[in-house]
Amino acid sequence: MLPVPGDLPVEGAWSYEVDWAGVRLLADVDQGELTLCTADGEDVTARFPEFAGLVDAVADGLLDGEAVMLDGGSPSADALGERLGVEDATRARALARERPAVFMVYDVMRLYGVPLDPRPLEERRAVLSRLDLSRATRIQISPAYDDGSALLAGVVAQRLSGVIAKRRGTPYRSGDSGGDWVRVAPHAPRVGAHAGPPATVPSGASAVPSTTSSRRPRHARRERTPQHDTLF
């Protein structure tokens, strides 16, 4: 889903996340094989070998997130650009050892044969939170917050790039979000609620405008197995 720029929405039910400084990736794990694609469908799997452990945590799934490169806790566009420009897999592995990226995951559209994109945002996030991603190094779940004003204040204080507001109760759609995802710049926009004390923004949080794939997510080709029922 593509976020639209706007002021911080506070009327209605919303969830808020840091706008991460990275490149949008769809991570598709199918039968234990990982494929990473950018927003425009380019296969960049070989360029991010540090994400290979995702298959140990999710044997079948389609995740949405961003690859983030940090330099002293701040985003490094140069390092990210260098990684994306690597064509040689050996060089990519060397860079991953020297300066590993982090995959910040914030949505799940398919899991163990079950298409989740028609489900509301909060249900997808609940499923995502129950995944044991601790077994996969360099993979993290992007935290979600209830107080958008406080998070925005924290982002402004830490000179980060902004906040993404996501309307609860909405499905995951390819392409334009129709205003259900809003990108808020950190220049103290108008809000409809008092801004409380700054939120504690996750260590290394940063942001860069991101895009999402126009491809329709591929859903699973297998039946759900009983051992995964508790995830849904």
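Below is a summary of the structure that appears in this document.

Basis of the calculations
Residues numbered from 1 in each chain as written. Predicted model: local features only at pLDDT ≥ 70, side-chain atom pairs only at ≥ 80, totals over all residues. Heavy atoms only, no water. Buried < 20%, exposed > 50% of the residue type's maximum accessible area, 1.4 Å probe, protein only. Helix = DSSP H or I, 4+ residues; strand = E, 2+ residues; numbered from the N terminus. Pairing = 2+ DSSP bridges. Salt bridge = Lys/Arg side-chain N within 4 Å of Asp/Glu carboxyl O.

What about the pairing of strand 3 (residues 22-30)?
- Most of strand 3 sits out of view: 9 of its 9 residues are buried.
- Pairing of strand 3 with strand 5 (residues 61-68), which is carried by 8 bridges, proceeds in the antiparallel orientation. Following the sheet pairing, Leu25 is matched in strand 5 by Gly65.
- Sheet analysis places strand 3 next to strand 4 (residues 33-38), joined by 6 bridges and oriented antiparallel. Paired with Ala27 across the strands is Leu36, a residue of strand 4.
- Counted along the chain from strand 3 to the antiparallel partner strand 4, the turn is 2 residues long, and its residue Gln31 has a positive phi close to 55°.

Focus on the pattern of salt bridges
- By the definition in use, this model includes 14 salt bridges.
- Between Arg91 and Glu82 there is a salt bridge, with the nearest N and O atoms lying 3.4 Å from each other.
- For Arg91, a relative accessible area of 38% gives the class partly exposed.
- With relative accessibility at 41%, the residue Glu82 sits in the partly exposed group.
- With a closest N to O distance of 2.5 Å, Asp146 and Arg168 form a salt bridge. Pair noted here: Asp146 is in the loop between strand 10 (139-141) and helix 5 (148-157) and Arg168 is in the loop between strand 11 (163-167) and strand 12 (181-184), with a separation of 22 residues, a long-range link.
- With a relative accessible area of 64%, Asp146 lands in the exposed category.
- Arg168 gets classed as partly exposed once you look at its relative accessible area, which sits at 30%.
- Sharing partners across several salt bridges, the network here consists of Glu17, Arg125 and Lys166.

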